[in-house]
Amino acid sequence: MNLEKKHALVTGGGSGVGAAIALSLAAHGACVTIVGRRDAPLKALSETHSNIHCAVADVTSVDELDAAFDSACEKFGPVSIAVANAGAAVSVPFLKMTADDLRNLLDVNLLGVFNTFKAAAPLMVDAGWGRLISIGSTAGLKGYRYVSHYCAAKHGVVGLTRSLALELASKGLTVNSVCPSYIDTEMTQRSIDNIVQKTGKTRQQAERILTMGNPLDRLITPEEVAATVLWLCSDSASAINGQAVPVAGGEL
């Protein structure tokens, strides 16, 4: 696959899944702008590949995100691929959950996708080609205990993705969501830490709790998510639109 002359912007691109996506796209010829809140990991990743540029921004801030897009376009030209990957998760039993808990996850996981797509879509419409990709979750396709606010946000991401796909299909754009189950990232390791702390289980037992719904009986790797994103950017996926693609080992 050759993505030369394509400019991809990846939010939450400094580590984990975002970093894997950025490196995969850059390895296939794309110029990539990674966006995130932490300057140090962004710079560290950008120094590993000449095709990777970084910009600091919080996806919940329209002004910061617009400035990041301006910087990206000045460096590599108009964005033609936008991967809305930035997200956050925390477990809270519903009976102990507050409205602020819900708002915080909606802001990052749903509003962040909206803001990213809102900034990217006009550039793609002008060019007559584009790929808008949200990193959703199996939590956007089913329910999980103790993360009802996260599930609500990710269901919103899938709904936004499917609806926007219908609006933009005639303009040369596709809009899809990649929906992994638990991924081997720092965020999942923190979830494992939380289970160990609250239950006294071993880390192996705690990880088993998270993977028991996956017939592969393991965590998904960031590279597996990145490979799915790469495919959605290819010409062979030009008829894939409005889909929520599970990367979950058969869990769904």
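In this text, all values refer to a predicted model and were calculated from it rather than measured experimentally.

*Asks:* Mind showing me how you'd approach the packing of aromatic side chains here?
*Replies:* The way to describe two aromatic rings as a pair is by their centre distance and the angle between their planes. Tallying each qualifying case throughout the model produces 1 aromatic pair. Seen in terms of ring centroids, Tyr144 and Tyr182 are 6.1 Å apart; in terms of plane orientation they differ by 75°. Their pairing is edge-to-face. In this pair, Tyr144 is assigned in the loop between strand E5 (130–135) and helix H5 (148–168) and Tyr182 in the loop between strand E6 (173–180) and helix H6 (186–199), connecting sequence segments 38 residues apart. A relative accessible area of 21% places Tyr144 in the partly exposed class. It is Lys6 that lies over the ring of Trp129; its NZ or CZ is 3.7 Å from the centre.

*Asks:* Would you mind showing me how to read the pairing of strand E1 (residues 7–11) here?
*Replies:* The side chains of a regular strand alternate, first on one face of the sheet and then on the other. Across the 5 residues of E1, 5 count as buried, placing the element largely inside the fold. Neither face of E1 is left uncovered, since the one carrying His7, Leu9 and Thr11 and the one carrying Ala8 and Val10 both have all their residues buried. Note that E1 and strand E2 (residues 31–36) share 5 bridges and pair parallel. Paired with Leu9 across the two strands is Thr33, which belongs to E2.

*Asks:* Where do I start with the nonpolar core in this structure?
*Replies:* Generally speaking, a soluble globular protein has its nonpolar side chains buried in company with each other. Judged by nonpolar contacts, the single largest core of 32 residues is most densely connected at Ile21, Leu25, Val32, Ile34, Ile135, Val178 and Val229. Secondary-structure elements contributing two or more residues to this core are E1, helix H1 (16–27), E2, helix H2 (39–46), strand E3 (52–56), strand E4 (81–84), E5 and helix H8 (222–233). In terms of residues, this core owes the most to one element, H1, which gives 7 residues. With sequence-adjacent residues up to four places away left out, Ile34 is seen in contact with Val10, Gly13, Ala22, Leu42, Leu45, Ser46, Ile52, His53, Cys54 and Ala55. Counting residues in each nonpolar core, the second largest holds 26 residues, with Ala57, Leu65, Ala72 and Val175 among its members.

*Asks:* Help me understand the packing of H1 against H8 in this model?
*Replies:* A pair of packed helices is characterised by two quantities: the angle between their axes and the separation of those axes. Between H1 and H8, the shortest axis-to-axis distance is 8 Å and the interhelical angle comes to 45°. Our classification of the angle between H1 and H8 gives oblique. Handedness of the crossing formed by H1 with H8: right-handed. Of the residues in H8, those touching H1 at Gly16, Val17, Ala20, Ile21, Ser24 and Leu25 are Pro222, Glu223, Val225, Ala226, Val229, Leu230 and Cys233.

*Asks:* Just to check I follow, could you spell out the pairing of E3 for this structure?
*Replies:* Judged by how many residues are buried, E3 sits mostly within the fold: 4 of 5 residues are covered. In the classification by handedness, the crossover that spans E2, the intervening H2 and the parallel E3 is right-handed.

Calculation notes
Residues numbered from 1 in each chain as written. Predicted model: local features only at pLDDT ≥ 70, side-chain atom pairs only at ≥ 80, totals over all residues. Heavy atoms only, no water. Phe/Tyr/Trp six-rings, centres within 6.5 Å; stacked < 30°, edge-to-face > 60°. Helix = DSSP H or I, 4+ residues; strand = E, 2+ residues; numbered from the N terminus. Buried < 20%, exposed > 50% of the residue type's maximum accessible area, 1.4 Å probe, protein only. Lys NZ or Arg CZ within 6 Å of the ring centre and 35° of its normal. Pairing = 2+ DSSP bridges. Core = buried A, V, L, I, M, F, W, Y, C linked by side-chain atoms within 4.5 Å. Contact = heavy atoms within 4.5 Å. Axes fitted to C-alpha atoms, helices over the stretch in contact; angles between N-to-C directions. Parallel < 35°, antiparallel > 145°, perpendicular 65-115°, else oblique. Left-handed = near helix turned anticlockwise from the far one by under 90°. Right-handed = clockwise from strand over helix to strand, strands pointing away.

Geometric values such as these leave the question of function open.
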